[in-house]
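Architecture and fold: a report
Spelled out from the first residue to the last, the chains are:
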Amino acid sequence: GITQDPLYYIKEDNTIQSLGTIGRHDSRQFVPVNTKIVVFPDKKYIDISSTPALHDLNWSLDYPEFAFLCEAGNRLWGCTSDGTQIWVSHLGDPTQFEDSGTDVGGWATAVGTPEKFTGCCKYMSSVLFFKENSMTKVLGDYPSNYQSYTYQMDGVKEGCYKSIVNINESLFYYGIHGVMTYGVGNPNLISQNFGELELTEVTGGSDGEILYLSGKDNNDEHLFTYDFRNGVWIHEDDVYVKSFARD
């Protein structure tokens, strides 16, 4: 069976509350929407509206299997495991995705490009859904004016969704050709001096000024920092960082 890990919630008064156990997954995501924190891929959520508690999402069997989730506009956004659809939840309610015919209801759209999704994130006034060789951008404030646009470009490399980092509205991620930065227009490669180094399972983080990037190269492990103001890369250590976090 799946190995279980304990789950704890740190309250505002810094006391710690046990919430039970969840399965151990390398693709773990915690996505806050309103007073609920979705625990993915366990299909559970933490309700923090009163005493924090762990609940089953009880998503309808009509809902697809999601590959990645993110929050934007007080809604849960998801892209499907088969790479064909984007779904958006009801306003403030990540448990419901049905189209109610109103702007508080859900929304979905088809994506015609091949390949699987490799990651998603909120970016400025849009939500971005990546594949290795394309990106679909959704603009709009509510279902009746959502519009999606797909671009052929270097997207996020498979297995590297944790490399997506937003620093002062500049988006960094690891693609099939190396580290990319995205702002307006096409993404730009910024890791030319990596040579033939090809990383996998790349993760990223930031302190607001420096980009931290970690990945594996065959049996080797790497931790890099990038001073994006001066365009300087430093190889910090032969170590792999599984995930980054920041207050």
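The sections below set out a description of the structure shown in this document. (Residues numbered from 1 in each chain as written. Predicted model: local features only at pLDDT ≥ 70, side-chain atom pairs only at ≥ 80, totals over all residues. Heavy atoms only, no water.)

What follows is about the sheet that holds strand β16 (residues 170-175). Within the open sheet, the four strands sit side by side as β15-β16-β17-β18. Their pairing is antiparallel. Since the sheet does not close on itself, it has two edges, and those belong to β15 (165-167) and β18 (188-189), each with one partner. Pairing analysis gives two bridges linking strand β17 (residues 178-182) to β18, with the strands arranged antiparallel. Bridge pairing in β18 links T181 to N188. (Pairing = 2+ DSSP bridges. Helix = DSSP H or I, 4+ residues; strand = E, 2+ residues; numbered from the N terminus.)

With the rule as written, the count across this model stands at six salt bridges. D5 serves as the salt-bridge partner of R24, at 2.7 Å between the closest nitrogen and oxygen. Linking R24 in the loop between β2 (16-23) and β3 (29-33) with D5 in strand β1 (residues 4-10), this pair joins segments that are 19 residues apart in sequence. Residues E65 and K43 are paired through a salt bridge, measuring 2.8 Å at the closest nitrogen-oxygen approach. Within this pair, whereas E65 is found in the loop between β6 (53-56) and β7 (66-72), its partner K43 is found in the loop between β4 (36-40) and β5 (44-47), the two being separated by 22 residues in sequence. (Salt bridge = Lys/Arg side-chain N within 4 Å of Asp/Glu carboxyl O.)

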